[in-house]
Amino acid sequence: DQAPIGVLVMSYGTPESLEGVEAYYTHIRRGHPPTDEQLEDLTSRYRAIVGGVFPLRENTNRQVEALQRRLDELAGQGRYVCYQGLKHAAPFIEDGIEAMSRDGIERAVGIVLTPQYSSMSVGGYLKRAREAAERHNVAFAGVEKYHLHPVLIEALAERVTAGLDKAGVSADDGLVLFSAHSLPARILEMNDPYQDQLLETSKAVAEAAGISRWQFTWQSAGQTGQPWLGPDIVETLNGLAKENVKFVLVTPVGFVSDHLEVLYDIDIEAKRHASELGLALDRIQMLNDDPKYMQALADSVIGAAGRYD
Ligand code: FEC
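Since the model is a prediction, treat every value here as computed from it, not as a measurement. (Residues numbered from 1 in each chain as written. Predicted model: local features only at pLDDT ≥ 70, side-chain atom pairs only at ≥ 80, totals over all residues. Heavy atoms only, no water.)

A. Fine view of the overall build of the protein chain. Helix and strand counts for the protein chain come out as eleven helices and eight strands. At 20 Å, the protein chain has a C-alpha radius of gyration in line with the 19 Å of a compact globule built from 309 residues. In terms of overall dimensions, the protein chain has a C-alpha envelope of 60 × 45 × 40 Å along the principal axes. Relative to its 309 residues, the protein chain shows a buried fraction of 52%. Considering only contacts in the protein chain between residues 6 or more positions apart, those separated by 24 or more positions represent 79%. Total accessible area computed for the protein chain in this model is approximately 14200 Å², and 49% of it derives from carbon and sulfur atoms. Here the protein chain carries 29 positive and 44 negative side-chain charges, and the mean point of each set is 1 Å from the other. (Helix = DSSP H or I, 4+ residues; strand = E, 2+ residues; numbered from the N terminus. Rg over C-alpha atoms; globule rule 2.2 N^0.38 Å. Buried < 20%, exposed > 50% of the residue type's maximum accessible area, 1.4 Å probe, protein only. Contact = heavy atoms within 4.5 Å. Areas by Shrake-Rupley, 256 points an atom, 1.4 Å probe, with all protein chains shown as cover. Lys, Arg positive; Asp, Glu negative; His and termini not counted. Charge placed at Lys NZ, Arg CZ, Asp CG, Glu CD.)

In structure tokens:
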């Protein structure tokens, strides 16, 4: 059966413009509008980041185009057709499935642009995609994770090596600090694999890059009045400064693009805090449309095609 297979490429989504921040934030908060203060706080973070106001949109576009090209090379033109589905902005996940259905696609694979599984992240994307696919009679197979894909590990390890080389620090003076978006701590009671998978990715990258001095930390925790997974990067940096670490290479392993949580939370906030502690901080270049990352995605998509639930 050579009928085209739809590929729903899912990513977080970002506002269209500064005027769109309120609607975006309201969507993240499941329909509850932010207070004026919360809105101003988020808007000012978008204003502060470099690389364009909303770099995530363009980066996601480029990733989807590059994945399409890679799939064409591997499986022949037209075998796989990529569609975007964003979690909190248009085109939403449901819009992507609807577009497939309009185009007569009967089978689809879904993949999320983050490598590790959590019921609160990838699980949420796949649930919405699956429900939309059912409504449109599209058979759907979801990729749950690719956090140990050897080519992904290689791509990240190369960036760690490049980051250390650029800083010119010896392995004794520097430390690789892997990081990922925190989640509410209650996921631990749900036996969620998120934390384990993030540590597995970190360990594999450290091994591939030949790094023995590394740690993992959380970042970007929300303010919901409930506990989130810690330690947060600020606390971790305080500890490292006390241990006389001179240089930290932040290596996000749950994010794959340049976007707010990297360009603000690491490049502005964490960097400022580190410099107050007398600690030099840099971060690896994000994967964006790195050919090796595209290879890991394409391979995962092709592996999932055929396993329809
Ligand atoms: O550049 C951009 O415009 C978007 C950057 C962005 C990415 C991202 C990724 C993840 N999030 C995850 C979990 C949560 C949870 C909440 C939450 C809230 C926000 C807010 C903004 C935001 N997130 Fe995000 N996230 C990005 C942006 N995120 C803005 C709202 C203001 C704030 O808290 O700063 C809390 C929701 C709630 O209130 O109930 C939970 C996870 C990821 C990584 C996986 C993925 O990419 O899907 C997990 C990028």
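B. Geometry of the packing of aromatic side chains. The full count for this structure, using the stated rule, is five aromatic pairs. Between F178 and W214 the ring centres are 5.5 Å apart and the planes differ by 80 degrees, which places this aromatic pair in the edge-to-face class. Of this pair, F178 sits in strand 5 (residues 174–181) while W214 sits in strand 6 (residues 214–219); the two residues are 36 residues apart in sequence, bridging distant segments of the chain. The class for F178 is buried, based on a relative accessible area of 1%. Between F216 and W218, the aromatic rings sit 4.9 Å apart at their centres with planes inclined by 90 degrees, giving edge-to-face as the arrangement. (Phe/Tyr/Trp six-rings, centres within 6.5 Å; stacked < 30°, edge-to-face > 60°.)

C. The nonpolar core, seen in detail. The biggest cluster of nonpolar side chains holds 51 residues, and the ones touching the most others in it are V7, L67, L71, V160, Y293 and L297. With near-sequence residues (within four places) excluded, V7 lies in contact with L71, Y80, V81, C82, Y83, M100, V109, I111 and V301. (Core = buried A, V, L, I, M, F, W, Y, C linked by side-chain atoms within 4.5 Å.)

D. Seen up close, helix 6 (residues 150–167). For helix 6, with 18 residues, the first-to-last C-alpha span of 26 Å sits near the 26 Å given by 1.5 Å per residue. Those residues of helix 6 not exposed but buried are L152, I153, A155, L156, A157, R159, V160, G163 and L164. A positive backbone phi angle near 65 degrees is found at G168, which sits one or two residues after helix 6. (Expected span 1.5 Å × (residues − 1).)

E. Representation of the coordination of the iron atom of the ligand. In this structure, the iron atom of the ligand receives exactly one donor atom from the protein: Y12 (OH), at 2.2 Å. Tracing the backbone through its elements, the reader meets Y12 in the loop between strand 1 (5–11) and helix 1 (21–28). (Donors = N, O, S within 2.8 Å, 3.2 Å for Na, K, Ca; no water.)

F. Structural detail: empty space enclosed by the protein. Summed over the entire model, instances satisfying the criterion amount to one cavity of 30 Å³ or more. Along the walls of the largest cavity sit G13, T14, L56, R57, T60 and L86, which together make up its complete lining. Per-element accounting of the lining of the largest cavity gives the leading share, three residues, to helix 3 (residues 55–75). Across the lining of the largest cavity, the residue classes tally to two nonpolar, three polar and one charged. (1 Å grid on protein atoms, 1.4 Å probe; cavity = no way out; pocket = protein on both sides within 12 Å on 5 of 7 lines; lining within 4 Å. Points joined across faces, edges and corners; volume = space filled by probe spheres on them. Nonpolar A, V, L, I, M, F, W, Y, C, P; charged D, E, K, R; others polar.)

G. Broad picture of the site of the ligand. Close contacts around the ligand come from 22 residues, with Y12, T14, Y46, Y125 and L260 the closest. Contact distances for the ligand include 3.3 Å between an oxygen atom and a side-chain N or O atom of R45. Residue H181 places a side-chain N or O atom 3.3 Å away from a nitrogen atom belonging to the ligand. Among the elements of the structure, helix 1, helix 2 (36–48) and helix 9 (260–263) are those that each provide at least two residues to the shell around the ligand. (Near = heavy atom within 4 Å. Polar contact = N/O pair within 3.5 Å; in protein donor to acceptor, adjacent residues only side chain to side chain.)

H. Just the pairing of strand 1, in detail. Where burial is concerned, most of strand 1 is hidden: seven out of the seven residues are buried. Burial along strand 1 is two-sided: I5, V7, V9 and S11 facing one way and G6, L8 and M10 facing the other are all buried. As paired elements, strand 1 and strand 3 (residues 107–112) share five bridges and run parallel to each other. Looking across to strand 3, one finds that G6 is bridged to A108. (Pairing = 2+ DSSP bridges.)

I. Seen up close, the sheet that holds strand 8 (residues 280–283). Across the sheet, four strands lie side by side as 6-5-7-8; this open sheet has parallel pairing. Where the open sheet ends on each side, the last strands, each with one partner, are strand 6 and strand 8. The sheet shows a mean angle of 30 degrees between the axes of neighbouring strands, taken without regard to direction. Sheet analysis places strand 5 next to strand 6, joined by six bridges and oriented parallel. Of the residues in strand 6, the one forming a bridge with H181 is Q219. (Axes fitted to C-alpha atoms, helices over the stretch in contact; angles between N-to-C directions.)

Function cannot be inferred from these measures alone, as they are strictly geometric.
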